[in-house]
Amino acid sequence: DCREILLPTMTDQLKYHLERQEDLEACCQLLSNILEVLHKKDVGPTQRHVQIIMENLLRTVNRTVISMGRDSELIV
């Protein structure tokens, strides 16, 4: 239930910082942690939550990665 409240707020904040290319390492770590939790089997239904992330962040994440270039330390 708390994911329904927190996830939209977190994705909005991530989008804000990614668009401004601020705190990219922290943004990467936070998004990674969120996706790791949603990937676990014992956290209940997650399809809607992954969809929220995709709808809100996929374009922004893609743009950020493209603008970073291959030599960035954050691209593994």
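The protein is annotated in an unreviewed UniProt entry as DOCK1 protein from Sylvia atricapilla.

Once that is clear, we can look at the packing of helix H1 (residues 2–19) against helix H3 (residues 47–68). At their nearest, the axes of H1 and H3 sit 10 Å apart, and the two run at 5 degrees to each other. Here H1 is positioned roughly parallel relative to H3, judged by the angle of their axes. Taking contact as the criterion, the partners of Arg3, Glu4, Leu7, Thr11, Leu14, Lys15, Leu18 and Glu19 in H1 are, on H3, Arg48, His49, Ile52, Ile53, Asn56, Leu57, Thr60, Val61 and Thr64. Along the lines of polarity and charge, the residues of the contact of H1 with H3 split into seven nonpolar, five polar and five charged.

What follows concerns a nonpolar patch on the surface. A cluster of nonpolar residues, Val50, Met54 and Leu58, forms a patch on the protein surface that exposes about 220 Å² of accessible area. Its location among the elements puts Met54 in helix H3.

Procedures and definitions
- Residues numbered from 1 in each chain as written.
- Predicted model: local features only at pLDDT ≥ 70, side-chain atom pairs only at ≥ 80, totals over all residues.
- Heavy atoms only, no water.
- Axes fitted to C-alpha atoms, helices over the stretch in contact; angles between N-to-C directions.
- Helix = DSSP H or I, 4+ residues; strand = E, 2+ residues; numbered from the N terminus.
- Parallel < 35°, antiparallel > 145°, perpendicular 65-115°, else oblique.
- Contact = heavy atoms within 4.5 Å.
- Nonpolar A, V, L, I, M, F, W, Y, C, P; charged D, E, K, R; others polar.
- Patch = residues over 30% accessible without salt bridge, like charges linked within 9 Å, V, L, I, M, F, W, Y side chains within 5 Å.
- Areas by Shrake-Rupley, 256 points an atom, 1.4 Å probe, with all protein chains shown as cover.
- Salt bridge = Lys/Arg side-chain N within 4 Å of Asp/Glu carboxyl O.

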